[in-house]
Structures are given as structure tokens and as C-alpha cells.
Amino acid sequence: MENGTVITQSDELIQSKPEKVKTPLSEFWRKFKKQKMAMVAATFVLLLIIVALIGPFIAPYSATEPDYDNILSPPSLEHLAGTDAFGRDIFSRIIEGTSISLYVGLTSVFIGAVIGTVLGLLSGYYGGRLDSIIMRICDVLFAFPGILLAIGIIAILGPGLENVIIAVAVFGIPTFARIVRSSTLSIKESVYVESAISIGAPARRIIWKHIFPGTLSSIIVYFTMRIGTSILTAASLSFLGLGAQPPSPEWGAMLSSGRDFLNSAPHVTFFPGLAIFLTVLAFNLLGDGLRDALDPKMKD
Amino acid sequence: MGELLIEAKGLKKYFPVQKGLFSKNNSFVRAVDGISLAIKKGETLGLVGESGCGKSTTGRMIMRLLAPTDGEIWFNGKDISKLNNKQLRETRKEFQMIFQDPYASLNPRMTIRELISEPLIVHKMLTKKEREKRVHELLEYVGLTSYHANRYAHEFSGGQRQRIGIARALAVNPKLIVADEPVSALDVSIQSQVLNLMQDLQKEFGLTYLFISHDLSVVEHISDRVGVMYLGKIVEITDKESLYGNPLHPYTKALMSAVPVADPRMKRERIILQGDIPSPSNPPSGCTFHPRCQSCMEICKTVVPELKEVEPGHFTACHLYD
């Protein structure tokens, strides 16, 4: 001690520098931006979202108007991805189809995530009989192969894009419920939840303010990963003729319409397939990056 | 002093032991096995004992974080062991807890402001503006400053976090504070600061403490009276001076002899206990301490000793003083 003072209570406290509060968000961003693959994926996803929003304005041709002079023409400068059996520009159709795929992917996962999260939180927090009932229902849903479950739901509801969303949402519910339940179980035992109980916080507040924020990171990661799978499932359903109906430029439906010309005009299936592939890959890579950035155990 | 704030009578907590998938559980871990204690207003009762002796379980039952298997807890004339959930939540503003681990007991996703104002929000006390003022006031009470309010717990050191924990416990002006090993996770140099802070706050707000610790010198520093626990039971309870000056129970004597003394020339006999603390799921018959006791008699193996007043205000559960 330079001036010979005794260590008082406040000495340990004054050292912290002012400014620059490290919020969880800024910490996340610091870790996330270090991951190159995830940044590329995030940029691509951002691009997809922009294309989905302004698609009809930037597409060079109409997505639905047939052009019988240019049937099945291969990729050229005029038609970057060639044209299909009705002479429609495939590149334009892909651009306009982006909004459909993203819409289906996002809404179905969102619905599944909301319902699954609520069920998982209740199931994990209250336990007991409620937990058993919710988890057994999830087991039943898990026992179906995903696509079969979706086909079954569509068989009941009838084909169409809205019903595809519901079908894909339903089979996302049990996975979200399980993920959220397991993190709820571990957070429920944490001391800070005990501390919240000890100050007299009601269950609603504990679940919402203390447990839910803790499960959020695994929800976000799984949400992102799930979008890719959902887009894929929705495309498969459309490919089977159960989802978007022609002439809608949905990517799966485009694949389906091109399969008759696989040998003579492979570009009709190749480009929509590439669009699905890149989109799903981007969401999965983004999910990986988010997981690494949100995992509190991974320091730098 | 004089008026009782809290009184526990015959408190028990048995945890069922899950044996297998299909067998009924018929054995129990007797974490706390019939404890009675009383704390007067403004007093600090220390509770010491080895790990696993049930001192934290006792604290958690008094906080009603665990429901007692049996027994009564009278707080300010109300039996809080019988309250329903809603009544209990409302009563909780009367007694608050300081936790052992300041790293785990603060939600990492909340700012200090949110943490400290949470008890006020939960109990619908004060308006938003007044809460803000109260948070700053509390931060200053515990030796922090207002600009810490926007930060998150991970930006603080252990001692600072424990101060935040104390501020959080103080927010609703509780009467009783149960401190479960509040300094054992801290560096020694910080321990005394936090202890002194707790004593200052006690004087200022007339708080009553139940102070749980395994550290005898910490308990001696802060307590007015001390209870010694062994295997789910209180074996000796009295005021600090007579416990540290004239321990009666053989277990207390052994504990006292283990406290280091800052005089290398001082010779004294150390009582080294043989064996380990027995399993609380299968405690020894009679006096639970008898297998390790140096003055064990025949009667100790069969008859459970009662807690008796041997000297005025000095209770012990030992057949030596029958």
C-alpha cells in the first residue's frame, strides 16, 4: 500500500473500468464473427431473405407465364438456368420460389418451436404426471418416420402449402419439447432458481424469467438447424405432389416437374436441387456456428 | 433481545432412497433427525458441523425451500411449515437467504439491477422509480456503486458477487437471513470483509442471522450462540463464550481441538476422531456419536441422549452429564 492505508471494503470494488458493458449479446457476436464458415452461411441466409422479400421485382422473367418458343432450352446468357417444359425461366422461378421455401421453413419451425417449447417447459418444470403424458405423446410422434407422419397429416387435411406447414410443424414439436425439457430439468436444479424460489417468485416468473432464457440458446440452435430440414421435408412433400401445386415455383414441385426430362434436360432438376442444397447447407452451417457461439463452455 | 423470532421444533427431513425400478423405497437418509432450535430477534445463531451433517438441510427447511418431513417452524408466531404455496410466497419476504456459491446463485443472464430489484417486483413493493432508487441505495449499503447496476454477474469477483447476493437478500427488508456458508467460497482476505459487512448490516437493520458454516473460527467471529450438529442432530448448543471456552460434548471438544492456534509454542492435546462420519441412512444405535467417542459408555450404545440444559443456557446431548 503506497499511502499506508488499510485494505478497506471498497478497495476491491473500485478497479472495474466504466463503459463497455459486456452484454450476453455482445459476447455472442464476438464469438460468432470469428467463425468464417458460419459467417458465410449467415451472409447467404441474409441474401436468401432479401431475395425472398424482393424476388418478384428482380426476377428477369415471369415465373408462371409460359413461353412456348423457348421450351427446355439449356442454360444460356439469356436464361441463366435454362427454361422448363413450359418455357419458363428457371432462374426466375427459383428466385420467386425462395419466398415460398423460406416461408414454409420458417413458419413451420416457428409453430413447432413455440408449441414444443411451452410443452417442454411445463413438462420439465412441473414433472410428475403432466411430464409423463407429454413425453409419452412425444414418444408416439417420434415412432413415426418424419415424412410418413407428414404424409399422414396431409392425408387427413388434404394437400396444399398451408397443410404442409402444419404437417412439418407437428413433427417438429416433440424434438423441441424434449430439448427444452432436458435443459429445463438441469436449470431447475440450479442455485439461481432456488434463489428465485427463496425470494418468493411465483412459478410463472421462474419459468419465464429464469428458466426460459437459459433454454433459449439451445432453442435458437435447433431452430436454425430445423429450418433446413423443414425446407427439405416441404420440398419432398411438394415433390410427391402433396404440397405446393403447379404452377407454383416451389423448389420441390420444380424438381418433380423436371424428373421426366432428367436425361434430355438435366438443368430443369439441377438448379432447383442446387437451390435446396445450398439453402439447407447454409442453415445447418449457421446452426453449427450459433451453437459454438452460444455455448458458454466454449471460451474463445 | 429476548423475543423469539423463529423457533423450530422436532424438525426432521428424511430423504427416501430409491433402490430399484420396481421395489418400494423403504429406507431413508435421515439428513435431519429431530432438531429443535430457537433464534431471538437480532441474534446470530451459528450452526457448525462436518459436511453431510445436515446443517444446510436445516437451513433450507427453515427457508422452506425443503418441506420438513416432520416438525414445526414457528416464525413470528406463525407455523410456516403448514402454509400453502401462496401464503408461503407472501411470507418469504420476511426471511431471505444468502447462498454459498456466489457464482451459481446469480442468474448469469440478468443485470445487477434486475437481480436486486427482483424481490421488490415479486412482492409488488415500490414503484419503478422508487425501485431504481432502492437498488442504488442497496448497492451502496453493500459497498458497491450505482454504476455497477447495468452489469452482469460474470463481470464481478467472488466477493463482489456475494455483496450483490446480500443486497438482493436485503431488498425487501427481511427479518431473518439464513446464510448458508456465505463465505466458504471466498478467499480468506475477502471472507473477513464480507463477514464485517454482514455484522454492520445486522447492527444497522436489526437483522437476525442463522449462520451455517463448517468453519469454527468464522462462526466464532460472527455468532452470539452456536449449535453444533452431528449426523442430523444438534449435540450441543449454547452461547459462543461457553462453547469455545468450555465445550462439554466430546464431539465439540474434538472439533475445538482442531482449530489452529496462532501460537507455535502452545502445546495442547489434539483429539483425533477415529473413523468416518457414519452413513445417515443407517445411523448407529443409541448416541450416533458413540462409535467415535473417546468417553463412550455402555449406555451410549443403546439409549439416545436428549438435549439437556447442563449449565444455564448450555444444552448438550450426552450421557456424561446425566
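Our structure's up above, just so we're on the same page.
Not measured: the values here are computed from a predicted model. (Residues numbered from 1 in each chain as written. Chains lettered and ligands numbered in written order. Predicted model: local features only at pLDDT ≥ 70, side-chain atom pairs only at ≥ 80, totals over all residues. Heavy atoms only, no water.)

J.: Report on the overall build of chain B, specifying residues and quantitative values.
T.: On a plain count of helices and strands, chain B comes out with nine helices and 12 strands. A compact globule built from 322 residues would reach a C-alpha radius of gyration of about 20 Å, and chain B, at 21 Å, matches this within 12%. Structurally, chain B occupies a C-alpha span of about 70 × 60 × 40 Å along its principal axes. For chain B, the proportion of its 322 residues judged to be buried stands at 51%. As displayed, chain B offers around 14600 Å² of accessible surface, 51% of which is attributable to carbon and sulfur atoms. (Helix = DSSP H or I, 4+ residues; strand = E, 2+ residues; numbered from the N terminus. Rg over C-alpha atoms; globule rule 2.2 N^0.38 Å. Buried < 20%, exposed > 50% of the residue type's maximum accessible area, 1.4 Å probe, protein only. Areas by Shrake-Rupley, 256 points an atom, 1.4 Å probe, with all protein chains shown as cover.)

J.: Please give an account of the sheet that holds strand β12 (residues 314-316) of chain B that cites residues and values.
T.: Residue and element names in this part refer to chain B. The eight strands lie next to each other as β6-β7-β8-β3-β9-β10-β12-β11, forming an open sheet whose pairing is mixed. Edge positions in the open sheet fall to β6 (95-98) and β11 (308-311), since each of these has one partner strand only. Geometrically, the sheet is characterised by an average inter-axis angle of 20° between neighbouring strands, direction not taken into account. Relative to strand β9 (residues 225-230), strand β3 (residues 44-48) runs parallel, the two being bridged by four bridges. Bridging from a neighbouring strand, Leu-47 pairs with Gly-227 of β9. Strand contacts of helix α6 (residues 188-205): β3, β6, β7 (176-180) and β8 (208-212), with the helix running at about 155° to β8, the strand carrying the most contacts. (Pairing = 2+ DSSP bridges. Axes fitted to C-alpha atoms, helices over the stretch in contact; angles between N-to-C directions. Contact = heavy atoms within 4.5 Å.)

J.: Tell me about the pattern of salt bridges, and name the residues and values.
T.: In total, this model carries 25 salt bridges over all chains according to the counting rule given. In this structure, Glu-194 of chain A and Arg-60 of chain B form a salt bridge, with 2.5 Å as the shortest nitrogen-oxygen distance. A residue pair is termed interchain when its members come from two chains, as with Glu-194 of chain A in helix α8 (residues 191-198) and Arg-60 of chain B in helix α1 (residues 55-62). For the pair formed by Glu-194 of chain A and Arg-60 of chain B, the shared burial category is buried. The salt bridge involving Glu-94 of chain B is made with Lys-175 of chain B; its shortest N-O contact spans 2.6 Å. (Salt bridge = Lys/Arg side-chain N within 4 Å of Asp/Glu carboxyl O.)

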